[in-house]
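Topology and contacts: notes
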Amino acid sequence: MIQKFNAIKLNEADNVAVALTNIKQGEYLSIKGKDDKLQVMENIPYGHKIATVFIRKEEKVIKYGECMGITTEAIYEGYHVHTSNVRGLKEEERLDILKQSTSFHA
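As a convention, each chain's residues are numbered from 1 in the sequence order in which they are written. Per-residue local features of the predicted model are confined to residues with pLDDT of at least 70, and side-chain atom pairs are confined, for both listing and counting, to 80 or more; whole-chain, interface and lining totals are unaffected and use all residues. Hydrogens and waters are ignored; side-chain quantities use all the structure's heavy atoms.

Some points on the layout of surface pockets
We apply this condition: The definitions used throughout rest on a 1 Å grid laid over the protein atoms alone, on which a cavity is an enclosed set of points accommodating a 1.4 Å probe that cannot get out and a pocket is an open set flanked by protein within 12 Å on both sides along at least five of seven lines; lining residues are those having an atom within 4 Å of a point. Grid points are joined across faces, edges and corners, and a volume is the space filled by probe spheres set on the points.
Here the largest pocket defines a volume of roughly 150 Å³. Considering the residues around the largest pocket, the lining is formed by K9, L29, I31, K34, D36, K37, L38, T52, V53 and E77.

This is the structure:
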């Protein structure tokens, strides 16, 4: 039997998955490489992010194993992660992340 997935995590450290199709509220998220399923709490458009764990307010959103923004409100698992609840990084935050990176040499 072939398993069909509707989302993918791009890195094991990610706290979001990316929708591989439009996902409707109430459907279950089936992430490639994962056995557990998570109910989607609102419509998620193709290519958009879904929280796979509870992400607190002012916490990093991790995609590709990297911080791609900071939450502006708490985001519960199964909910859309988008510009309405995530802000970009401030310059000092970018620099701090770079300094923490093992590949950064100042």
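From this point, the discussion proceeds with the structure in view.
Points about the nonpolar core
Looking at soluble globular proteins, one finds that nonpolar side chains tend to be buried together. Quick note on the threshold: Throughout, nonpolar core names a set of buried Ala, Val, Leu, Ile, Met, Phe, Trp, Tyr and Cys residues whose side chains join them through atoms within 4.5 Å. Think of it in three bands: residues with accessible area under 20% of the maximum for their type are buried, residues over 50% are exposed, and the middle band is partly exposed, with areas taken using a 1.4 Å probe on protein chains only. Two residues qualify as a contact provided that any one of their heavy atoms is within 4.5 Å of a heavy atom in the partner residue.
Counting 10 residues, the largest nonpolar core consists of A7, A17, A19, I23, L29, I31, L38, V40, I44 and I50. In contact with L29, other than residues within four places in its own chain, are N6, A7, A17, I23, D36, K37, L38, V40, I50 and T52. Formed by seven residues, the second largest nonpolar core is a distinct cluster that contains I55, V61, I75 and V86.

With respect to the sheet that holds strand β1 (residues 7-8)
Worth spelling out the cut-off: We treat two strands as partners when DSSP finds at least two bridges between them. Helix numbering and strand numbering both begin at the N terminus, where a helix is a DSSP run of H or I of at least 4 residues and a strand a DSSP run of E of at least 2.
In space, the four strands of this open sheet follow the order β1-β2-β5-β8, with antiparallel pairing throughout. Two strands bound the open sheet, and with one partner strand each, they are β1 and β8 (80-81). In this sheet, β8 lies alongside strand β5 (residues 49-51) in antiparallel orientation, the contact comprising two bridges. Counted as the bridge partner of K49 is V81 from β8.

Notes on unusual backbone geometry
You will see that E58, though not glycine, has its phi angle at about 70°, which is positive. Locating E58 in the fold gives a position in the loop between β5 and β6 (60-63). E58 gets classed as partly exposed once you look at its relative accessible area, which sits at 47%. Notably, Y64 is not glycine yet its phi reads approximately 60°, a positive angle. Examined against the element boundaries, Y64 turns out to sit in the loop between β6 and β7 (66-71).

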